[in-house]
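Okay, here's what each chain looks like letter by letter:
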Amino acid sequence: MNSNIDRSYRKNLTTHGLIYIGGEELAITVKDLSLTGVFAHLECGSNIRDAKDIFNMLSGSAIIDFFLPEMNLAGEAEVVRVDIANENIMLAFEFKNISYDIDNQLYKRKVYRKNLTAPGKILLDGEYREFITLNVSVDGLMINVPDSVSVKAGDITIFEFELLELEGEIKVVWVEHKAEAGTVLGLHYLHMEKMAVKGIPRFGL
């Protein structure tokens, strides 16, 4: 019996990308890609000198964000192995929550959008309303308000998002009313330091 029959098909290739770890965006060179994950060489950053630094950064969580522009892939992955080969740091990570963009929309976006579900509050129709985020970037949020609200593109209001310690003015960019799921809003931060958004990479799109 072929011992490889249960393994995901793996393709040897060289492509480049970025990961977000320890609050820093780092370049990677992919050496091996499968349907389930990636094996890549890590370009060390200002906070990473050896494998010990990687383990320290992953001690709280092994989940990282990644972006592979040549493959049109972005999302979250779990680091499952760290190796040293010829003094190079090699990472193996498994895909957990990914977006494959056949229409190259990732290239058209200015910044990476992280799929993130968490509660917050926004002032609409004169009262604070609960919302759940759908995705988050260093530029803004996409949220779902569970009921129908009277709001239009261009409106400016205030919000609170405790998970990322964000609050302040925000602008409504677009509105979509859902028959059964309330109102979905695309929001753009105003009067905020965008790069101060903790835990969200920009990825230089």
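This one's a predicted model, so the numbers in the text were calculated from it and none came from an experiment.

Thresholds applied
- Residues numbered from 1 in each chain as written.
- Predicted model: local features only at pLDDT ≥ 70, side-chain atom pairs only at ≥ 80, totals over all residues.
- Heavy atoms only, no water.
- Helix = DSSP H or I, 4+ residues; strand = E, 2+ residues; numbered from the N terminus.
- Buried < 20%, exposed > 50% of the residue type's maximum accessible area, 1.4 Å probe, protein only.
- Contact = heavy atoms within 4.5 Å.
- Phe/Tyr/Trp six-rings, centres within 6.5 Å; stacked < 30°, edge-to-face > 60°.
- Pairing = 2+ DSSP bridges.

**Q** Looking at this structure, I do not really get the overall build of the protein chain. What am I missing?
**A** For the protein chain, the helix and strand inventory stands at two helices and 13 strands. Per-residue burial over the protein chain gives 43% buried out of 205 residues. Sequence separation of at least 24 residues holds for 51% of the intrachain contacts in the protein chain that already meet a minimum separation of 6.

**Q** Hey, could you run me through the packing of aromatic side chains in this one?
**A** How two aromatic rings sit relative to each other is given by the distance of their centres and the angle of their planes. As enumerated under the stated definition, the model contains four aromatic pairs in all. Members of the aromatic cluster, connected to one another through ring pairs, are Phe66, Phe93 and Phe95.

**Q** It is not clear to me how the pairing of strand β13 (residues 182-189) should be interpreted in this structure. Could you clarify?
**A** Where a strand is regular, its side chains alternate between the two sheet faces. Across the eight residues of β13, seven count as buried, placing the element largely inside the fold. In the sheet, strand β12 (residues 166-178) pairs with β13 via eight bridges, with the strands oriented antiparallel. Its bridge partner being in β13, His177 is matched across the sheet by Thr183. Here β12 folds back onto β13 in antiparallel fashion, the turn holding three residues.

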